[in-house]
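# Topology and contacts: notes
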Amino acid sequence: MNLDALNTAGQDEFVRMLDGTYEHSPWIAERAHAARPPRGFPSLAALKHALADVVRTATREEQLALIRAHPELAGKAMVSKTLTAESTNEQTKAGLTDCTPEEFARIQQLNADYNARFGFPFILAVRGPRGRGLPKAEIIATFARRLEGHPDFELAECLRNIHRIAEIRLNDKFAASPELGNLVWDWAEALAVHSDPGFKEKGQLTVTYLTEAHQACAEQLRRWMLHDCGFDEATIDAVGNVVGVYHGSDINAKRLLTGSHFDTVRNGGKYDGRLGIFVPMACVKELKRAGKRLPFGFEVVGFAEEEGQRYKATFLGSGALTGDFDPAWLTQCDADGVTMRSAMLAADKPATLESIAPLKRDPARYLGYVEVHIEQGPVLNEIDLPLGIVTSINGSRRYVGEVIGQASHAGTTPMDRRRDAAAAVAELILFVEKRAAAVEHVVGTVGMLEVPAGSINVVPGRCKFSLDLRATNNEARDAIDADVKAELQRICERRGLHWTLTQTVAADAAPSDPRWQQRWEAAVAAQGLPIFRMPSGAGHDAMKIHEMLPQAMLFLRGGNSGISHNPLETITNDDAELCVRAFQHLLENIQ
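For the structure given in this document, a descriptive report is provided here. No experiment lies behind these values; they were computed from the predicted model shown.

The subject of this paragraph is the overall build of the protein. The number of helices and strands found in the protein is 22 helices and 16 strands. What you see for the protein is a C-alpha radius of gyration of 26 Å, in line with the 25 Å of a compact globule of 591 residues. Dimensions of the protein along its principal axes, counting C-alpha atoms only, are 75 × 70 × 50 Å. Across the 591 residues that make up the protein, the buried fraction comes to 55%. Considering only contacts within the protein whose residues lie at least 6 apart along the sequence, 77% involve residues at least 24 apart. Only carbon and sulfur atoms are counted for the fraction: they give 52% of the accessible area of the protein, which is about 25100 Å². A distance of 0 Å separates the average location of the 65 positive side-chain charges in the protein from that of its 77 negative side-chain charges.

This paragraph deals with the packing of helix H8 (residues 101-118) against helix H9 (residues 136-146). Put simply, H8 and H9 touch, their axes get as near as 10 Å, and they point 25 degrees apart. Between H8 and H9, the crossing angle belongs to the class labelled roughly parallel. Once H8 is placed against H9, the crossing between them reads as left-handed. Residues Glu103, Arg106, Ile107, Leu110, Asn111, Tyr114 and Phe118 of H8 form the contact with H9, whose participating residues are Lys136, Ile140, Phe143, Ala144 and Arg146.

All told, the structure shown has 41 salt bridges when counted by the stated rule. Across the pair Asp152 and Arg60 runs a salt bridge whose closest N-O atoms are separated by 3.5 Å. With a gap of 92 residues between them, Asp152 in helix H10 (residues 151-174) and Arg60 in helix H5 (residues 60-68) connect regions that are remote in the sequence. With relative accessibility at 45%, the residue Asp152 sits in the partly exposed group. Its salt-bridge partner being Arg127, residue Asp172 comes within 2.8 Å of it at the nearest N-O pair.

For strand E5 (residues 366-374), a buried count of eight out of nine residues is recorded, marking the element as mostly surrounded by other parts of the structure. Pairing of strand E3 (residues 255-261) with E5 involves four bridges; the strand directions are parallel. Looking at E5, one finds that Thr258 is bridged to Val370. Here E5 pairs with strand E16 (residues 551-556) via six bridges, running parallel. For His373, the partnering residue across the bridge sits in E16 and is Phe555.

Cut-off values and rules
Per chain, residues are indexed from 1 in the order of the written sequence. Where totals are concerned, whole chains, interfaces and linings use all residues; where local detail is concerned, this predicted model gives features only for residues with pLDDT of at least 70, and gives and counts side-chain atom pairs only at 80 or more. Think of the side-chain values as coming from all heavy atoms in the structure, minus any hydrogens and water. By definition, any uninterrupted DSSP run of H or I lasting at least four residues is a helix, any uninterrupted run of E lasting at least two residues is a strand, and each is numbered from the N terminus. Atoms counted for the radius of gyration: C-alpha only. Globule rule: 2.2 Å times residue count to the power 0.38. Whether a residue is buried, partly exposed or exposed follows from its accessible area with a 1.4 Å probe, protein chains only, as a fraction of its type maximum: under 20%, in between, or over 50%, in that order. Here a residue-residue contact requires only that any non-hydrogen atoms of the pair lie within 4.5 Å. Here the open area of atoms and residues is found with the Shrake-Rupley method and a 1.4 Å probe, where only the protein chains shown may cover a residue. Charged residues are defined narrowly, with Lys and Arg counted positive, Asp and Glu counted negative, and His plus the chain ends left uncounted. By convention, charge coordinates are those of NZ in Lys, CZ in Arg, CG in Asp, or CD in Glu. To obtain an axis, a line is fitted to C-alpha atoms, over the contacting stretch when the element is a helix, and the angle between two such axes runs from 0 to 180 degrees between their N-to-C directions. Throughout this description, any angle smaller than 35 degrees is read as roughly parallel, any larger than 145 degrees as roughly antiparallel, any in the 65 to 115 degree range as roughly perpendicular, and the remainder as oblique. Helix crossings get a hand from a simple test, with the near helix turned counterclockwise from the far one by less than a right angle marking a left-handed crossing and a clockwise turn marking a right-handed one. A pairing counts as a salt bridge when a side-chain nitrogen of Lys or Arg comes within 4 Å of a carboxyl oxygen of Asp or Glu. In this description, strands pair whenever DSSP reports at least two bridges between them.

By themselves, these observations are geometric and do not establish any function.
So this is what it looks like as structure tokens:
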């Protein structure tokens, strides 16, 4: 099948050609045909989005009917061999047609429990994010995890998995294979074999600054850049950054800078940061394969540290490029008492400011900075869009605080005589929630709470808490910051308490450069996708480079409702393919 034939087909033929894409639901193709653009769908991605949009805008009853049209996993239809050819193929690739008696019994019980709880069958794209088929153990674990979900979330998650099933089926119909997306996905899997001791043994991914696993990652990236991708240079610098350079047609031309970090949080995911290294690597590999040079140099940096996990030196890698490496970091100790200087010397790094200072880049030698990153949130996932354009990286203020009252007996202290520190913080939490929700793109979080020496029968005399305030611009951030402090003061005065707040982070917002943002928008539009603009609530290396160069970011949606900093963090090969294609378009259209 080809897109031209589909675009010229009448409704009946259009529906026939897409038969089997969505299980027993021809109405989806019918409505997509009615909404077909005058010149047809410009790409397979555009067709996929149009079909998903039909489902997203359908009634709840229609959505439920679509879910119920799908068979149970390893269910009665499989046993009676009445599955559609597409479902048979998918369940076979996942090994569900070859279950042990124990596996079969477990899946049957999960099917029954899920249907009893939600009233519709459990849907999972069992061919998985790479299209090869999920292991049965992963299918069963996902089934059990989602059994605990909220009904509204589960309905939406079933629909998202149906779209993934349809995407793979369309790929089969159109003989489309996301080879560049597969490359990115495979690199992520291969790099994830390196993990710090204590985590690797548990199958968890943790890579902190200058551990053996961290150094192995750096060397692996360097080898891939040099030998697999065709970079002209690939080195590991004095702070552990991996720097790959693909020269332009003029070796002295300015460079475009890109990259992201390869360190991880503890028990983290495979794509946070690393995606922003793999995608431009794939672009260079394709340039080299085609024997093509850009009119500018292309520099890809795998930043050694962004997460601040081993040492409290966030943005150490990108900070070295902006000239902001703090000498005090060298004397910081990790949890084992190892100073950063000692860790650097053990990794054959000079650990001197004289060796680090030359890493500072001259802005006059660069065109700007771009970065791709997994979204780390649910927005793109919820609206069925693979790519989003970042408008600004949120500015933030973070604090640790404490409210001090009077501990007293829970039974003998009347309610009107209490000095309850925890109740005051509870009031503050609700105010933060309400105040942040009142302004678009402002968020506020109290993520840590502690009642020191608390007891079930004692009125809390102290309550420690954290406070995280973020907004897309500094004015909105400062406004919520002032309001929260004023409310904390009012609460404590009324309750006869006192409080302290110690600021731990103050970061300015980093709005995207308009020209570079427009280039990302053009790149997304070229894939046949609508342009969706959104802020970044998380900090990124682009936030640091923003101090030196104009920057703009592209987000890729994450699966599992966009969860990140977590082993459930995931992407699909098809989304990664679109991300690479968008980056290629950007590179090819810089004037």
